[in-house]
Amino acid sequence: SKTMTKVSKLSFNHLLGGLLIDKDNNNLICLSGAYNKTVEICSLSSHQWELGASLTIERSECGYSIVNSKSIYAFFGYNCPQNKYIDTIEYCEDYTSSSKWKSINILNKSNLNLHLKGHSIFYIEKDKRFVLLGGMEGENDKPNETYLDILIEKNKTVEIKPTRRKLFSISKNKLYSFSNDAIGKSIEEKEIGFYDSKKRMHYLNRKNMLHDIFYFD
């Protein structure tokens, strides 16, 4: 039978922060939060937390993604100390060596509304692209009913497709909002799948982003 092992206590409060699992290096990574920009890393062999390099700004309800088991990207979110949305992306080249976080230049920033929080980020390795889904947008916390296709070049400039297509169901051709409830995700070659908090499984076609929903009891 499987057992659960308790890890040591975190040194900082990561309320509304992020949590990543790096299976290749057997690490848990806890990132930032409402009132701190600290990164803590827990080795699952020692069950102890150690400090990593801090982000450049406090990010709550931010979307994070890890690439090649070392680089971490932070997308947008909300800054509680300044009470405002964050319309920037930053990255850490190698979190295992405490590389400093750096900002990424968004080429077409003026064409987009990047006031986003509570979203999920999917990295599609084959295309070297990120897909942003769900969350809330704007000062009135309107549910985000669209998705963003994000390409980060080698020189760390970003192309974000300015056309934000809305997500429709395949079976009913009906608009669906993800809000900020996506809690699990998996990536396959031709589609993206994830669960939400209402026990629904979503499959999204990567080509046209039409999707179908499956319900579980």
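An account of the accompanying structure is given in this report. (Residues numbered from 1 in each chain as written. Predicted model: local features only at pLDDT ≥ 70, side-chain atom pairs only at ≥ 80, totals over all residues. Heavy atoms only, no water.)

Some details on the packing of aromatic side chains
So, point 1. Taken as a whole and assessed by the stated rule, the structure comprises 7 aromatic pairs.
So, point 2. When the centroid spacing of 5.8 Å and the interplanar angle of 20° are considered together, the rings of Tyr73 and Tyr91 count as stacked. A residue pair is termed long-range when its members are at least 10 positions apart, and Tyr73 in strand β6 (residues 71-75) and Tyr91 in strand β9 (residues 89-92) qualify at 18 residues. Each member of the pair, Tyr73 together with Tyr91, is buried.
So, point 3. Ring centres 5.1 Å apart and planes at 90° place the aromatic pair Tyr78 and Tyr85 in the edge-to-face group. In this structure, Tyr78 and Tyr85 share a single accessibility class: buried.
So, point 4. Through pairs of rings, three or more aromatic residues link up here, namely Tyr73, Phe75, Phe76, Tyr91, Tyr123 and Phe130.
So, point 5. Residue placement shows Lys117 over the ring face of Tyr78; its charged tip is 4.8 Å from the ring centre.
So, point 6. The ring centre of Tyr91 lies 4.7 Å from the NZ or CZ of Lys156, which sits over that ring. (Phe/Tyr/Trp six-rings, centres within 6.5 Å; stacked < 30°, edge-to-face > 60°. Helix = DSSP H or I, 4+ residues; strand = E, 2+ residues; numbered from the N terminus. Buried < 20%, exposed > 50% of the residue type's maximum accessible area, 1.4 Å probe, protein only. Lys NZ or Arg CZ within 6 Å of the ring centre and 35° of its normal.)

Examining the pairing of β9
The side chains of a regular strand alternate between the sheet's two faces.
So, point 1. Burial along β9 is two-sided: the face carrying Ile89 and Tyr91 and the face carrying Glu90 and Cys92 are both buried.
So, point 2. Bridge count for β6 against β9 is 4 bridges, and the pairing is antiparallel. Bridge assignment links Ala74 to a residue of β9, and that residue is Glu90.
So, point 3. Two elements, β9 and strand β10 (residues 101-106), share 4 bridges in a ladder whose sense is antiparallel. Note that in β10 the partner of Glu90 across the bridge is Ser103. (Pairing = 2+ DSSP bridges.)

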